[in-house]
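Remarks on the overall topology
In case you want the letters, here they are:
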Amino acid sequence: MSLEELHLNLRNLMSDDYDQLKALMDAVYHDIGGAWPKRTIDKLIQEFPDGQIAIEDDGLLVGVALTVQVDYDEFSNPHKYDDLIGHRETILNNEDGDAMYGLDVLIHPDYRGYRLGRRLYEARKELCRSMNLRAILAGGRIPEYYQHADELTPAQYIDKVSRKEIYDPILSFQQANDFQVKRLLRKYLPEDEQSRGYATLLEWNNILFEPAANVLDTRPPRCV
Ligand SMILES: CC(C)(COP(=O)(O)OP(=O)(O)OC[C@H]1O[C@@H](n2cnc3c(N)ncnc32)[C@H](O)[C@@H]1OP(=O)(O)O)[C@@H](O)C(=O)NCCC(=O)NCCS
């Protein structure tokens, strides 16, 4: 299959996409719990429609990026995946948040390597710019770590991936999209055995971000 043969369309995810989305997520995340329930996806679409981005080929859903708004100070520090999830698998979207958090990005296995993941990330970055949010944050698994866990600490592993001495299917992808590793997260997703529960806290800074003037300095002028 060549890129020229594809009939790609980038658009917002809709509630009617759920059956296709479920099949895709169950296939890709079979080892870490599969798809989100429909009510979770519907709530995301309702609360932050622009943040849920899909890519289709001739009507077939082949990729998706799910995003919430969060408070930068809270999520740019160590946290667990569960901190994003409320009761009954509802995802906690903060409509006043000053940053975006990438919950998921996934591409159908037959469609990988065509830079569709990059297209979803570009759309997410464009949204971050247009909403004048400060950054995109994400917790990224390191699924190749288990192959090296006997001889490398997670920090050494991340360093080698950053130097392109080791390729990690997620971290190499994130770094190719200009995300910087800020921290190492422990017990992020404990059931993720391949990453041994570790993850990287990733950040892409919106350099066009302009803080509101009154946020810069709210103190009254000092008399000298
Ligand atoms: C990660 C994923 C979304 C990448 O999608 P993709 O469409 O194949 O990636 P792209 O073709 O857009 O690749 C973009 C860049 O990332 C790099 N990259 C992608 N997959 C990679 C891999 N397995 N190893 C190393 N680098 C990789 C590419 O080299 C590319 O860089 P380039 O454009 O400079 O050549 C896809 O592999 C996937 O769905 N994985 C399973 C779901 C998952 O774990 N998602 C991450 C959740 S945190």
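Read on for a plain summary of the structure. Because the structure is predicted, anything quoted here is derived from the model rather than measured. (Residues numbered from 1 in each chain as written. Predicted model: local features only at pLDDT ≥ 70, side-chain atom pairs only at ≥ 80, totals over all residues. Heavy atoms only, no water.)

**Some remarks on the pattern of salt bridges**
Any two side chains of opposite charge can pair, on the condition that their charged atoms come close. Spelled out, the test is: Just to be clear on terms, a salt bridge is a Lys or Arg side-chain nitrogen sitting within 4 Å of an Asp or Glu carboxyl oxygen. Helix and strand definitions here come from DSSP, where helices need a minimum of 4 consecutive H or I residues and strands a minimum of 2 consecutive E residues; each element is numbered from the N-terminal end.
One pass over the full model with this rule turns up 11 salt bridges. D26 is the partner of K22 in a salt bridge, and the nearest nitrogen-oxygen pair spans 2.7 Å. Pair noted here: K22 and D26 are both in helix α1 (residues 18–28), with a separation of four residues, about one helical turn. As a salt-bridge pair, E126 and R129 come within 3.0 Å of each other at their nearest N and O atoms. Note that E126 and R129 are positioned in helix α4 (residues 116–130) at a spacing of three residues, about one turn of the helix. Here the salt bridges do not stand alone but share partners, grouping R11, D17 and E56 into one network.

**Some points on the sheet that holds strand β7 (residues 199–205)**
Using the following cut-off: Here, a strand pair is defined by DSSP locating no fewer than two bridges between the strands. Working convention: axes come from line fits to C-alpha atoms, limited for helices to the stretch in contact. Angles between N-to-C directions cover 0 to 180 degrees.
Strand order in the open sheet made by the seven strands is β1-β2-β3-β4-β5-β7-β6, with mixed pairing throughout. On the outer flanks of this sheet lie β1 (8–12) and β6 (180–185), each paired with one strand and no other. When strand polarity is set aside, the average angle formed by the axes of neighbouring strands in this sheet is 25°. Where β6 lies against β7, five bridges are found, and the strand directions are antiparallel.

**Considerations on the site of the ligand**
Put simply, the rule is: Throughout this document, a residue counts as near a molecule or strand when at least one of its heavy atoms sits within 4 Å of that molecule or strand. Polar contacts, as counted here, are pairs of nitrogen or oxygen atoms within 3.5 Å of one another; within protein the pair requires one atom able to donate a hydrogen and one able to accept it, and residues that are adjacent in sequence qualify only if both atoms are side-chain atoms. With residues, only the protein chains shown are counted as cover, and all accessible areas are computed by Shrake-Rupley using a 1.4 Å probe.
In the vicinity of the ligand, 20 residues are found, and the nearest of them are V105, I107, G113, R115 and R118. Backbone polar atom of V105 to a nitrogen atom of the ligand: 2.8 Å apart, as the coordinates give it. Within the side chain of R115, an N or O atom sits 2.6 Å from an oxygen atom of the ligand. Summarising the interface, the protein chains cover 77% of the accessible area of the ligand, which totals 930 Å² for the free molecule. Elements represented by at least two residues in the shell around the ligand include exactly β4 (99–107), α4 and α6 (171–176).

**Points about helix α2 (residues 38–47)**
Stated formally: Partly exposed describes any residue whose relative accessible area lies between the buried limit of under 20% and the exposed limit of over 50%, with all areas from a 1.4 Å probe on protein chains only and scaled to the type maximum. As used here, the arc belongs to the directions running from the helix axis to the C-beta atoms. We call two residues in contact whenever any of their non-hydrogen atoms come within 4.5 Å of each other.
Along α2, the positions that sit buried rather than exposed are T40, I41, L44 and I45. With its buried residues spanning 135° around the axis, α2 presents them on a single face. Those residues of α2 hidden inside the fold are in contact with α1, β3 (60–70) and β4.

**What to know about a negative patch on the surface**
Short version of the rule: Candidate patch residues must exceed 30% relative accessible area and have no salt bridge, after which like charges are joined if within 9 Å and Val, Leu, Ile, Met, Phe, Trp or Tyr side chains if within 5 Å. By the counting rule applied here, Lys and Arg register as positive and Asp and Glu as negative, while His and the ends of each chain are not counted. Working definition for charges: the position is that of NZ of Lys, CZ of Arg, CG of Asp or CD of Glu.
Taken together, D71, D73, E74, D82, D83 and E191 make up a surface patch of like negative charges. For D71, the location among the structural elements is in the loop between β3 and α3 (72–75). The exposure class assigned to D71 is partly exposed, which follows from its relative accessible area of 30%.

Scope: geometric values only; no functional claims are made or implied.
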